[in-house]
Amino acid sequence: MSSKLAKLTLLGVSGAFAAGLMATPDAVYAADDDITIAVAMKTQVQRRWAFDRAAMEREAERQGVKLVFQYANDNPSTQKSQVENLLSQQPDALILIPVDSEAAGAIVRSAKEAGVPVVGYDIGVSTAKLDYFVMRNNSLVGELQANAAMKFGGDGNYALVKGDPGNDVAQAIAASYDRILGEADGVNIVFDQFIQGWSPDTALSNAENILSANDDDVKAFVVANDGMATGVIQALKGRDLQGKVFVSGLDAESPNLKLIADGAQTMTVWTDLDDQGYAAVKAAAALARGETPEYAEMVDMGAGEVPTHLVVVEEINADNLCDFINGGAPDGWTAVEEVFDDPDACK
């Protein structure tokens, strides 16, 4: 195991502890028109990024600071040129959601040369040291998925469907799989692979091959995210195995919440996007003021330890599905009618 994965494996702190640090806004600052925070977003294609932005804007209003956004459309060259433009406007801090963890090192170094502190967001930077990092507690995500799989499946054959091999999120989740399931008595791992690009189509074809190779005797598909879970479930439905085999996910998108309601997907993991957005702006504003932000852990993504806020995560399953829909999810994320055929299901 690499030193980075070994470090991340240690991050299975409780959600309660992580929630205790910056999970909710507190002080409201007087407007400070002199503080501008540049935000370099990797994309706006996935709808989650609109919720991240909304949370950031709410916290910016509380902090009395201005945000300036740019979207790179998942192109690292575009992101580099956009940040150069942002830095030319002399912001007081930069929030960076990297398109490429390695290539982003040059962006961080440019910001440092310009005297601009950098808060990494969601995805790490492996080739330069950030001033602060806000990340999902990915180690805990893997723990929740792996432990739920063993609770559902017991002894038997397990398939580990990991995310993109070049993604630090996928690597951290996978490290928890390896640590928990790789050492579990009675768990026989029949498939253990990363999936390029988190591809649902690849997950589907792999699941079909796994089921054929094991005469449909698979107790659990431990799947790193909801998109790939959808592909796995399609393969299970083709053999009338939906609901009989454990399937995990991550993101709590409405189509997957419906799969949970229908019994085809066992669980998913929700990341508190409000907590994430609030924490990033709060840290950036503190750095801009010359203050030291609070943090939960020190994390080394490859260039040295960085003070890190671990974003709260929560397992969503059939037992708490209505609670999540009615109050746990941010406004506009999902609705009863998107998840259940019966509009009164959660009354």
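Sequence positions are assigned chain by chain, starting from 1 and proceeding in written order. Note on the predicted model: pLDDT of at least 70 is required for a residue's local features to be given, and 80 or more for side-chain atom pairs to be given and counted; whole-chain, interface and lining totals, by contrast, use all residues. Hydrogens and waters are ignored; side-chain quantities use all the structure's heavy atoms.

Asks: Before we go on, may I ask you to explain helix H9 (residues 226-237) in this structure?
Replies: Working note: α-helix, 3.6 residues per turn, so residues spaced by three or four point in the same direction. Taking 1.5 Å of rise per residue, the twelve residues of H9 would be expected to cover 16 Å, and the 16 Å separating its terminal C-alpha atoms lies within 8% of that figure. Taken together, the buried positions of H9 are Asp 226, Met 228, Ala 229, Gly 231, Val 232, Ile 233, Ala 235 and Leu 236. What makes two residues a contact is simply this: any of their non-hydrogen atoms within 4.5 Å. Helix and strand assignments come from DSSP, with helices taken as H or I runs of at least 4 residues and strands as E runs of at least 2, each series counted from the N terminus. Turning to H9, the residues buried within the fold contact strand E6 (156-162), helix H8 (200-213), strand E8 (220-223), strand E9 (246-247), helix H10 (254-262) and strand E10 (267-271). Multiply 1.5 Å by the residue count of a helix minus one, and that product is the helix's expected span. Exposed residues in this analysis have more than 50% of their type's maximum accessible area, buried residues have under 20%, and partly exposed residues fall in between, with area computed by a 1.4 Å probe over protein chains only.

Asks: I keep staring at the side chain of Thr 36 and nothing clicks. Help me out?
Replies: Relative to the elements of secondary structure, Thr 36 occurs in strand E1 (residues 36-41). Accessibility expressed as a relative area gives 19% for Thr 36, which makes it buried. In this view, Thr 36 contacts Lys 66, Val 68, Pro 91, Asp 92 and Ala 93; residues no more than four positions away in its chain are not counted.

Asks: How should I be thinking about the pairing of E1 in this particular structure?
Replies: Here is the key point about a regular strand: its side chains alternate between the two faces of the sheet. In terms of burial, E1 is largely enclosed, as six of its six residues are buried. Judged from the six bridges that link them, E1 and strand E2 (residues 66-71) form a sheet pairing that is parallel. Within the sheet, the bridge partner assigned to Thr 36 lies in E2 and is Lys 66. Looking down the strands as they point away from you, a crossover is right-handed if its path from the first strand over the helix to the second goes clockwise. Regarding topology, helix H3 (residues 48-63) serves as the crossover connection from E1 to the parallel E2, and that connection is right-handed. As paired elements, E1 and strand E3 (residues 93-96) share four bridges and run parallel to each other. For Val 39, the partnering residue across the bridge sits in E3 and is Ile 95. For two strands to be treated as a pair, DSSP must find no fewer than two bridges joining them.

Asks: Please clarify how the confidence of the model for the protein chain should be interpreted in this entry.
Replies: Caution is warranted with low-pLDDT regions, since their predicted coordinates should not be read in detail. Values of pLDDT, which run from 0 to 100, indicate the predictor's confidence residue by residue. Per-residue confidence for the protein chain averages 89 on the pLDDT scale, and 90% of its residues sit at or above 70. In this model, residues 1-25 is a region of pLDDT below 50 whose contacts with residues beyond four sequence positions or in other chains number 56 contacts.

Asks: Would you take a moment to explain the layout of surface pockets for this structure?
Replies: One simple way to see leftover space: roll a probe sized like a water molecule over the atoms. In the cavity and pocket records, a cavity denotes points on a 1 Å grid over the protein atoms alone where a 1.4 Å probe fits but cannot get out, a pocket denotes an open set with protein on both sides within 12 Å along at least 5 of 7 lines, and lining residues are residues with an atom within 4 Å of a point. Grid points are joined across faces, edges and corners, and a volume is the space filled by probe spheres set on the points. In this structure, the largest pocket occupies an estimated 950 Å³ of space. Taken together, 37 residues form the lining of the largest pocket, with Lys 42, Asp 122, Ile 123, Asn 167 and Trp 198 sitting closest to its centre. For the lining of the largest pocket, the elements supplying multiple residues, two or more each, are H3, helix H7 (168-180), H9 and E10. No other element matches the three residues that H7 contributes to the lining of the largest pocket. Residues are grouped as follows: Ala, Val, Leu, Ile, Met, Phe, Trp, Tyr, Cys and Pro are nonpolar; Asp, Glu, Lys and Arg are charged; all remaining types, including Gly, are polar. Broken down by class, the residue content of the lining of the largest pocket amounts to twelve nonpolar, 13 polar and twelve charged. By volume, the second largest pocket amounts to about 270 Å³. Residue lining of the second largest pocket: 14 residues in total, with Phe 152, Thr 266, Met 267, Glu 315 and Asn 317 positioned closest to the centre. Of all the elements, helix H6 (residues 138-153) adds the most residues to the lining of the second largest pocket, at three residues. Residues belonging to the lining of the second largest pocket are distributed by class as follows: six nonpolar, five polar and three charged.

Asks: Would you mind going over the environment of Val 134 with me for this structure?
Replies: Tracing the sequence through the fold places Val 134 in strand E5 (residues 132-136). A relative accessible area of 0% means that Val 134 is categorised as buried. Sequence separation of Val 134 and Asp 74 is 60 residues, and the distance between their C-alpha atoms is 19 Å. When near neighbours in sequence (up to four residues on either side) are disregarded, Val 134 contacts Val 119, Gly 120, Tyr 121, Asp 122, Gln 276, Ala 279, Ala 280, His 309 and Val 311.

Asks: Help me out: how do you make sense of the packing of H8 against H9 in this one?
Replies: Two numbers describe a pair of packed helices, the interaxial angle and the distance between the axes. Axes here mean lines fitted to C-alpha atoms, for a helix over just the part in contact, with angles spanning 0 to 180 degrees between N-to-C directions. In contact at an axis separation of 7 Å, H8 and H9 are set at 40° when each is read in the N-to-C sense. For H8 against H9, the interelement crossing comes out right-handed. Mapping the contact onto sequence places Pro 200, Ala 203, Leu 204, Ala 207, Glu 208 and Leu 211 in H8 and Gly 227, Met 228, Gly 231, Val 232, Gln 234, Ala 235 and Leu 236 in H9. The residue inventory of the contact of H8 with H9, partitioned by class, reads nine nonpolar, three polar and one charged. With the far helix as reference, a near helix turned anticlockwise by less than a right angle produces a left-handed crossing, and one turned clockwise produces a right-handed crossing.

Asks: Which parts of the structure should I look at to understand empty space enclosed by the protein?
Replies: Scanning the model with the defined rule gives one cavity of 30 Å³ or more in all. The computed volume of the largest cavity comes to approximately 50 Å³. As for the largest cavity, its lining consists of Val 125, Ala 128, Lys 129, Leu 130, Phe 133, Val 299, Met 301, Gly 302, Ala 303, Gly 304 and Val 306.

Asks: Mind showing me how you'd approach the packing of helix H4 (residues 76-88) against helix H5 (residues 104-113) here?
Replies: At their nearest, the axes of H4 and H5 sit 10 Å apart, and the two run at 10° to each other. Here H4 is positioned roughly parallel relative to H5, judged by the angle of their axes. In this structure, H4 uses Gln 79, Lys 80, Val 83 and Leu 87 to contact H5, whose residues at the interface are Ala 106, Ile 107, Ser 110 and Ala 111. Angle categories: roughly parallel below 35 degrees, roughly antiparallel above 145, roughly perpendicular from 65 to 115, and oblique for all the rest.

Asks: I keep staring at the pattern of salt bridges and nothing clicks. Help me out?
Replies: For side chains of opposite charge, pairing can occur when their charged atoms come near one another. One side-chain nitrogen of Lys or Arg within 4 Å of one carboxyl oxygen of Asp or Glu is enough to make a salt bridge. Summed over the entire model, instances satisfying the criterion amount to 15 salt bridges. With its nearest N and O atoms 2.6 Å apart, the salt bridge here joins Asp 52 to Arg 48. Placement of both Asp 52 and Arg 48 in helix H3 is noted, with a separation of four residues, approximately one turn of the helix.

Asks: Help me out: how do you make sense of the sheet that holds E6 in this one?
Replies: Through backbone hydrogen bonds, the strands of a sheet pair up, either in parallel or in antiparallel fashion. Taken together, four strands build an open sheet; the order of strands is E7-E6-E8-E9 and the sheet is parallel. The open sheet has two edge strands, strand E7 (187-194) and E9, and neither has a second partner. Two strands pair when backbone bridges link them, and E8 and E9 are joined in this way by two bridges, in the parallel orientation. Residue pairing across strands places Phe 221 opposite Val 247, the latter belonging to E9. H6 rests against E6, E7, E8 and E9 of the sheet, and its axis sits at about 170° to E8. Sheet strands in contact with H9 are E6, E8 and E9, and its direction is about 160° off that of E8.

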